[in-house]
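# What the coordinates show
The lines below spell out each chain.
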Amino acid sequence: MALAIRDLHQRYGDLEILSVPSWQVNSGIYWIQGENGAGKSTLFRTISGMLPYQGNIVLDGKYDLKTDPVEYRLRLNLGEAEPLYPSFLTPADLVAFVAEAKRSPAGQADMLIDAFGINYLKNPFGSCSSGMVKKVSLAISFLGNPSVIILDEPLITIDKDARAALFELIKSYHQSGVTFLLSSHQTFQQEGLAVSQTFALRNKTLVSIPAL
């Protein structure tokens, strides 16, 4: 089992955002749909360990986010929809930091930098466009040896070449056993990406729906 959720509840004050009794997926590529404001980003941030929650989230059948936080986070990466980094930080700084934290194999960071065409490593993020920031965010989401990679709206603000690089990386990593949770308002099939199953976040929980 790649990822399993049980009795997950997420609240902002008295307002309940998520209530997922049970949800689990095996290895695959999963499309998570939902209207704006449905809670997709909250779900992804919760699964990645960025937000406190009630319930259980287990990776690879043995790494519980609450009891094995380091091992869990080493195996799950998140690429956020609209990443924000300190304006003084450079892509080189961020990539180096995440590569070390994720115990990235030798040469992996350089491969990802080349794949996304990140030729502005020394430019502070404050001088970078949203598309430039997004490419760095996507690159670091592939660092390390993840079991699951979550990409929240990965297609927004990136150019055609970056899209092509992204889909090739998804296919390559998936062939190596990595599971993907992808959120997008755009379909993936036109890029030649086979989606294992589609889910929608409705009424605070995840439900299976027919793929488009």
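These notes cover the structure that comes with them. Throughout, residues of each chain are indexed from 1 in the direction in which the sequence is written. Local features are withheld for residues below a pLDDT of 70 in this predicted model, meaning they are given only at 70 or higher, and side-chain atom pairs are given and counted only at 80 or more; totals for whole chains, interfaces and linings count all residues. Excluding hydrogens and water, the side-chain figures rest on all heavy atoms present in the structure.

### Section: the overall build of the protein chain
To be explicit about the condition: Working definition: helices are DSSP H or I runs of at least four residues, strands are E runs of at least two. Numbering for both runs from the N terminus. Radius of gyration means the value over C-alpha atoms here, while the globule rule gives 2.2 Å times the residue count to the 0.38 power. Only protein chains enter the accessibility calculation, which uses a 1.4 Å probe; a residue is then buried when its area is under 20% of its type maximum, exposed when over 50%, and partly exposed in between. By definition, residues are in contact when any of their heavy atoms lie within 4.5 Å. The protein chains shown are the only cover counted for residues, whose accessible areas, like all others here, come from Shrake-Rupley with a 1.4 Å probe.
Each helix and strand counted, the protein chain has 6 helices and 10 strands in total. The C-alpha atoms of the protein chain give a radius of gyration of 17 Å, which matches the 17 Å a tight globule of 212 residues would have. The principal-axis extent of the C-alpha atoms belonging to the protein chain is close to 45 × 35 × 35 Å. For the protein chain, the proportion of its 212 residues judged to be buried stands at 51%. Across the protein chain, contacts joining residues at least 24 apart in sequence account for 69% of those joining residues at least 6 apart. Carbon and sulfur atoms form 51% of the exposed surface of the protein chain, whose accessible area is close to 10,100 Å².

### A word on the environment of Val-25
Note on placement: Val-25 falls in strand S2 (residues 15-25). Sequence separation between Val-25 and Gly-61 is 36 residues, and the spatial gap between their C-alpha atoms is 11 Å. Those residues within four positions of Val-25 in sequence are excluded, and the remaining contacts are Met-1, Ala-2, Leu-3, Tyr-30 and Phe-199.

### Points about helix H5 (residues 130-140)
Summarising burial for H5: 9 of the 11 residues are buried, a large majority. The set of residues buried in H5 consists of Gly-131, Val-133, Lys-134, Lys-135, Val-136, Ser-137, Leu-138, Ala-139 and Ile-140.

### So, the packing of aromatic side chains
Formally: Pairing of aromatic rings covers Phe, Tyr and the six-membered ring of Trp, with a centre-to-centre limit of 6.5 Å; geometry is then stacked below 30 degrees between planes, edge-to-face above 60, and tilted otherwise.
Counted according to the given criterion, the structure contains 5 aromatic pairs. Where Phe-142 meets Tyr-173, the ring centres are 4.9 Å apart and the plane angle is 80°; that geometry is what we call edge-to-face. Of the two residues, Phe-142 sits in the loop between H5 and strand S7 (148-152) while Tyr-173 sits in helix H6 (residues 160-175), which places them 31 residues apart along the sequence. With respect to burial, Phe-142 and Tyr-173 carry one shared label: buried. Each ring, one from Phe-142 and one from Phe-180, has its centre 6.0 Å from the other, and the planes form 45°; the classification is tilted. Of the two residues, Phe-142 is situated in the loop between H5 and S7 and Phe-180 in strand S8 (residues 179-183); the sequence distance between them amounts to 38 residues. Residue classification places Phe-142 among the buried positions, given a relative accessible area of 0%. A network of ring pairs unites the aromatic residues Trp-23, Tyr-30 and Phe-199 as a single cluster.

### Let's talk about the sheet that holds S2
Basically, it comes down to this: We call two strands paired when DSSP finds no fewer than two bridges between them. Only C-alpha atoms enter the line fits that serve as axes; for helices the fit covers just the stretch in contact. Angles between N-to-C directions range over 0 to 180 degrees.
Judged by pairing direction, the sheet is antiparallel, and its 4 strands sit side by side in the order S2-S1-S4-S5 without closing on themselves. In the strand order of this sheet, the two ends are held by S2 and strand S5 (63-64), each with one partner. In this sheet, S5 lies alongside strand S4 (residues 54-59) in antiparallel orientation, the contact comprising 2 bridges. Each residue of the ladder has a partner; that of Leu-59, found in S5, is Tyr-63. Against the sheet, helix H1 (residues 40-47) contacts strand S1 (3-12), S2 and S4, and its axis sits at roughly 120° relative to S1.

### Structural notes on the pairing of S2
Note that S1 and S2 share 9 bridges and pair antiparallel. Of the residues in S2, the one forming a bridge with Ala-4 is Gln-24. Hairpin connection of S1 to S2: 2 residues between the antiparallel strands, including Gly-13 at a positive phi of 65°.

### Re the pattern of salt bridges
Filter applied, for reference: Any Lys or Arg side-chain nitrogen located within 4 Å of an Asp or Glu carboxyl oxygen qualifies as a salt bridge.
Under the definition given, this model contains 6 salt bridges. We note a salt bridge from Arg-75 to Glu-71, for which the minimum N-O separation is 2.5 Å. Residue Glu-71 is classed as partly exposed on the basis of its relative accessible area of 30%. A salt bridge links Asp-159 to Lys-135, with the nearest nitrogen and oxygen atoms 4.0 Å apart. Residue Asp-159 is located in the loop between S7 and H6, and its partner Lys-135 is located in helix H5; the two are separated by 24 residues in the primary sequence. By sharing partners, the salt bridges in this structure join Arg-11, Glu-16 and Lys-204 into a single network.

As far as function goes, none of this settles anything; it's purely spatial.
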